[in-house]
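A look at the structure
Residues per chain are reported as follows:
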Amino acid sequence: QVQLVESGGGLVQAGGSLRLSCAASGSIFSINAMGWYRQAPGKQREFVAVISRTGSTNYVDSVKGRFTISRDNTKNTVYLQMNSLKPEDTAVYYCNADTVLTTRALLNAWGQGTLVTVSA
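Report on the accompanying structure. (Residues numbered from 1 in each chain as written. Predicted model: local features only at pLDDT ≥ 70, side-chain atom pairs only at ≥ 80, totals over all residues. Heavy atoms only, no water.)

Here we take up unusual backbone geometry. In this structure, Ser-84 is a non-glycine residue whose phi angle is positive, near 50°. Assignment of secondary structure puts Ser-84 in the loop between strand S8 (77-82) and strand S9 (91-101). The backbone phi angle of Arg-104 is positive, close to 80°, even though this residue is not glycine. Position of Arg-104 among the secondary structure elements: in the loop between S9 and strand S10 (106-110). (Helix = DSSP H or I, 4+ residues; strand = E, 2+ residues; numbered from the N terminus.)

Turning to the pattern of salt bridges, a few remarks are in order. Summed over the entire model, instances satisfying the criterion amount to four salt bridges. A salt bridge links Asp-89 to Arg-38; its shortest N-O distance comes to 3.0 Å. Of the two residues, Asp-89 sits in the loop between S8 and S9 while Arg-38 sits in strand S4 (residues 28-39), which places them 51 residues apart along the sequence. Assigned by exposure class, Asp-89 and Arg-38 land together as buried. With its nearest N and O atoms 2.7 Å apart, the salt bridge here joins Arg-66 to Asp-89. Of this pair, Arg-66 sits in the loop between strand S6 (57-59) and strand S7 (67-72) while Asp-89 sits in the loop between S8 and S9, placing them 23 residues apart in sequence. The pair formed by Arg-66 and Asp-89 is uniform in burial state, with each residue classed as buried. Overlapping salt bridges bring together Arg-38, Glu-46, Arg-66 and Asp-89 as one network. (Salt bridge = Lys/Arg side-chain N within 4 Å of Asp/Glu carboxyl O. Buried < 20%, exposed > 50% of the residue type's maximum accessible area, 1.4 Å probe, protein only.)

This is how it looks when you write it as structure tokens:
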């Protein structure tokens, strides 16, 4: 069993910054990739950023240069630093992790989502 607990969402003005955190817990042996997705009301969920266990990163074009994903493997935690926020960044942000359980089974886990609202 794996739980992903997110924090850091909220209301911010355009041009501002937020830092999201997501901590994984449970019967975890190791975590491979960790990432962030987002979903605006009435829209499909979209990929935002991903980071490998060793620190390689990828981003959707719309956030490149503004968002930075990072992780702390000692805490099983992934972060998303969001700068220069735009109203179109408004969405529920979901944490995702590819985990290896102590049983050695693979489990892709999702967080509950945290709301980010960017006002104009």
